Number of protein chains: 2
Amino acid sequence: MQRLIWTIIAAFAMSLVFGPIIVPWLKKLKFGQTIYDLGPQSHKKKQGTPTMGGLIFAIPAIIASIAFAYNDSRFDFLLIVLVSALGFGLIGFVDDFIKVKLHRSLGLTPKQKLIPQIVIALGLSLWAYFHPLIGSSLTVPFLNVEWDLGWFYIPVMMFVLVGTVNSANLLDGLDGLCGGCSLFDFATMALIGVALAAANPDNASNLLNVAIFSGAMAGALMGFLRYNSYPARVFMGDVGSFFIGGALMGTVLVTRLSLLLPIIALAMFVSSLSDIIQFAYFRATHGKRIFKMAPLHHHFELSGMPETKVVTMYYIVTVCLCLISLLGFVA
Amino acid sequence: MQRLIWTIIAAFAMSLVFGPIIVPWLKKLKFGQTIYDLGPQSHKKKQGTPTMGGLIFAIPAIIASIAFAYNDSRFDFLLIVLVSALGFGLIGFVDDFIKVKLHRSLGLTPKQKLIPQIVIALGLSLWAYFHPLIGSSLTVPFLNVEWDLGWFYIPVMMFVLVGTVNSANLLDGLDGLCGGCSLFDFATMALIGVALAAANPDNASNLLNVAIFSGAMAGALMGFLRYNSYPARVFMGDVGSFFIGGALMGTVLVTRLSLLLPIIALAMFVSSLSDIIQFAYFRATHGKRIFKMAPLHHHFELSGMPETKVVTMYYIVTVCLCLISLLGFVA
């Protein structure tokens, strides 16, 4: 646990130091966010805030997790998690970069984003499927039952991977929202990693490395929130949200805890779900809307809730759900 | 740990439900805060926000901690903590009530507040001093050394008690500031309580009850922040900040961890210290100020930092210090 705490503190300190270095640099390179035309009117004032701030937490999280990882025996789990985070993060980086260079709100086309995402998701699913310590089973939370999906595991996990990464992206719509909610998710995964390591001494170092990585993410995100909390001085950009989605998926992939996602990552889940419902309803009714705006956080905002209040609400619901999910792992 | 998590969730749920019941009631009774004339100009808009919101977390914290407490053997530690929280909270309640009834910014005179505080502090110090499981020693953090103050313990603890309670009150100057920072303090004390209970099986139920109480406070404050985060719909008032100060002091009193306060409660500490420095400097220089305004959080605000940014900064510094203090209690 001391090692975990030091990881959190180190990642936090690094991102805190990175912020004032990266933010002016992003501003100078004109990495200002071109605010999405279809967002709420009140967001127009956010025009010009630099994006790609995800680098502020991504780099410290990678450095801290590698520096503090247990490398006495196996290193595979950390490797899978890092590949997932970096793979998806890279797609986001390319997307952000194109947005900035061409000065338009949309970077890569949906198809240009989706294809590399599917490729990475396929690779990760196969890697997990054939990994002797992961395989095709998912743990059912609270029941401690293993649910073996067989070869079906591969398409299911691909869907979950791509879905989660894009949900993290959709959640990134208000200052501090995606960063804060995922901070609690990673803190939870860190504690779960420690609990699983205690219960599985054979695979302890692998599982502790998941805890170390999650702790590094939580610490780095804490430092990032210093700059991203309302009023944000920097946005995480697609590089940030895809990295978060990939990182979170990596941790649940290796721990077989994907079924925990609808609980701890409910905020991401409802963002996607509200978007899909809005779209389907709009199509079915030829133009009617069920939410004032999707994803759901914009609906709350347009219903008259201040942005900061929506974020607080998402935070405390997430913390509560994370506490509930911890009930399945502690005595 | 499961019991602790359930306590947090129960207190959280209760305060979440209490909020919408108490806020309109406080408004109807005209418990609007008369904003302190000497505060920053930008705070004028806060006029009319109901105060005494501390009841939103104080009542659920008391109920949840009593409901979930281990009463298989000793109950003393929880009793001391509850007396401390309720004793100081009551002074705050009287102060708030007078403010509201007389429609003036200052309630009780400083002397009228200080005398009952000193009386409660004396009672608690004597109780702890003569308690067979507490006594006149303080634990020095990280060194695991006991520092026996002898009879000197009584005046020292009286000073620390009165000082901390008033520091909590001074910290309560920005939306979500005192509630959030102390939430992290209580979460830390909950984890420390669990760690101490594991290390002292003879006194486990007493120490676990400290954890239960701290967890109840953390959960209840989380619910309270739903209403108190920027832009606040309710202020905690003196009843809230004195209750928090008394509750926190109760937990460190029974665990002999008062020396941890400058670390986990640094935010409170610097609030008092900046006030004292400002006053001393003002007197010594016949009218010069060292801070733009004291306590320190107003100085940051007047230096151009948005209110929400100051609060985030205080939060992340507090979390980091809490993590550091946990290093002394985990393997």
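Bear in mind the structure is a predicted one, so any value in this text is a computation, not a measurement.

Calculation criteria
Residues numbered from 1 in each chain as written. Chains lettered and ligands numbered in written order. Predicted model: local features only at pLDDT ≥ 70, side-chain atom pairs only at ≥ 80, totals over all residues. Heavy atoms only, no water. Helix = DSSP H or I, 4+ residues; strand = E, 2+ residues; numbered from the N terminus. Rg over C-alpha atoms; globule rule 2.2 N^0.38 Å. Buried < 20%, exposed > 50% of the residue type's maximum accessible area, 1.4 Å probe, protein only. Contact = heavy atoms within 4.5 Å. Lys, Arg positive; Asp, Glu negative; His and termini not counted. Charge placed at Lys NZ, Arg CZ, Asp CG, Glu CD. Buried area = accessible area lost by both parts, 1.4 Å probe. Polar contact = N/O pair within 3.5 Å; in protein donor to acceptor, adjacent residues only side chain to side chain. Core = buried A, V, L, I, M, F, W, Y, C linked by side-chain atoms within 4.5 Å. Phe/Tyr/Trp six-rings, centres within 6.5 Å; stacked < 30°, edge-to-face > 60°. Least-squares fit on C-alpha atoms with pLDDT ≥ 70 in both. pLDDT = per-residue confidence, 0-100. Salt bridge = Lys/Arg side-chain N within 4 Å of Asp/Glu carboxyl O. Patch = residues over 30% accessible without salt bridge, like charges linked within 9 Å, V, L, I, M, F, W, Y side chains within 5 Å. Areas by Shrake-Rupley, 256 points an atom, 1.4 Å probe, with all protein chains shown as cover.

Draft legend 1. A look at the overall build of chain A. The helix and strand tally for chain A stands at 12 helices and two strands. Start at the N end of chain A and walk to the C end: the helices and strands fall as α-α-α-α-β-β-α-α-α-α-α-α-α-α. Rg of the C-alpha trace for chain A: 19 Å, near the compact-globule value of 20 Å for 331 residues, within the 12% margin. Dimensions of chain A along its principal axes, counting C-alpha atoms only, are 55 × 50 × 35 Å. In chain A, which comprises 331 residues, the share counted as buried stands at 58%. Summarising the internal contacts of chain A: among those between residues at least 6 apart in sequence, 76% fall at separations of at least 24. When the 21 positive and 15 negative side-chain charges of chain A are each reduced to one mean point, those points stand 11 Å apart.

Draft legend 2. Geometry of the interface of chain B and chain A. On the side of chain A, 33 residues touch chain B, which itself brings 33 residues to the contact. Buried surface at the junction of chain B and chain A, both sides included, amounts to about 2,900 Å², of which 75% is carbon and sulfur. If you look at where chain B meets chain A, you find 16 residue pairs in polar contact (both at pLDDT 80 or more). Breaking the side of chain B that touches chain A down by element, the ones donating at least two residues are helix H1 (2-28), helix H7 (204-228) and helix H12 (307-326) of chain B. With 10 residues, the top contributor of residues to the side of chain B that touches chain A is H12(B).

Draft legend 3. The nonpolar core, seen in detail. Ranked by internal contacts, the top residues of the largest apolar core, which has 205 residues, are Met217(A) and Met217(B). Dropping the residues within four chain positions of it, Met217(A) is found in contact with Phe57(A), Ala61(A), Phe186(A), Phe243(A), Ile244(A) and Ala247(A).

Draft legend 4. A look at the packing of aromatic side chains. With the rule as written, the count across this model stands at 17 aromatic pairs over all chains. Ring centres of Phe93(A) and Phe97(A) lie 6.0 Å apart, and the angle between their planes is 25 degrees; on these two criteria the pair is classed as stacked. One end of the pair, Phe93(A), and the other, Phe97(A), are both in helix H3 (residues 76-102), four residues apart, so they sit about a helical turn from each other. Look at Phe93(A) and you get partly exposed, because its relative accessible area is 29%. Between Phe57(B) and Phe224(B), the ring centres sit 5.0 Å apart and the planes meet at 70 degrees, which makes this aromatic pair edge-to-face.

Draft legend 5. The relation of the copies chain B and chain A, seen in detail. For the pair chain B and chain A, the superposition axis carries a translation of 0.0 Å, the fit reaches an RMSD of 0.0 Å, and the rotation angle comes to 180 degrees. Both chain copies can therefore be described as sitting about a two-fold axis. Every residue of chain B has its C-alpha some distance from the rotation axis, and the shortest such distance is that of Thr308(B), at 4.4 Å. A symmetric contact is evident, with 100% of the interface residues of chain B recurring at the interface of chain A.

Draft legend 6. Representation of the confidence of the model for chain A within the structure. All names here are of chain A. Averaged over every residue, the pLDDT of chain A is 91; residues scoring 70 or more account for 96%. Looking across chain A, the model is least confident in H3, with a mean pLDDT of 91, and most confident in helix H8 (residues 237-254), with 97. Two numbers describe this predicted complex: its pTM, 0.92, and its ipTM, 0.87.

Draft legend 7. Up close: the pattern of salt bridges. Summed over all chains, the structure comprises 10 salt bridges over all chains. Among the ionic pairs, Asp95(A) bridges to Lys99(A), the shortest N-O distance being 3.8 Å. In this pair, Asp95(A) and Lys99(A) are both assigned in helix H3, four residues apart and thus about one turn of the helix distant. The exposure classification of Asp95(A) matches that of Lys99(A), with both residues buried. Across the salt bridge formed by Lys113(B) and Asp95(B), the nearest N and O atoms sit 3.3 Å from each other. Taken together, the positions of Lys113(B) in helix H4 (residues 110-130) and Asp95(B) in helix H3 (residues 76-102) put the pair 18 residues apart, joining distant regions of the chain. Like Asp95(B), Lys113(B) is buried. It is possible to trace a salt-bridge network through shared partners that takes in Asp95(A), Lys99(A), Lys113(A) and Asp238(A).

Draft legend 8. Spatial organisation of a nonpolar patch on the surface. Residues and elements named next belong to chain A. A cluster of nonpolar residues, Leu266, Phe269, Leu273, Ile277, Tyr281, Ile290 and Val317, forms a patch on the protein surface that exposes about 540 Å² of accessible area. Positionally, valine 317 belongs in helix H12 (residues 307-326). The class of valine 317 is partly exposed, set by a relative accessible area of 38%.

Draft legend 9. Quick look at the environment of Pro262(A). Residues and elements named next belong to chain A. Its location among the elements puts proline 262 in helix H9 (residues 261-264). For proline 262, a relative accessible area of 34% gives the class partly exposed. Considered as a pair, proline 262 and threonine 164 are 98 residues apart in the sequence and their alpha carbons are 9.9 Å apart.

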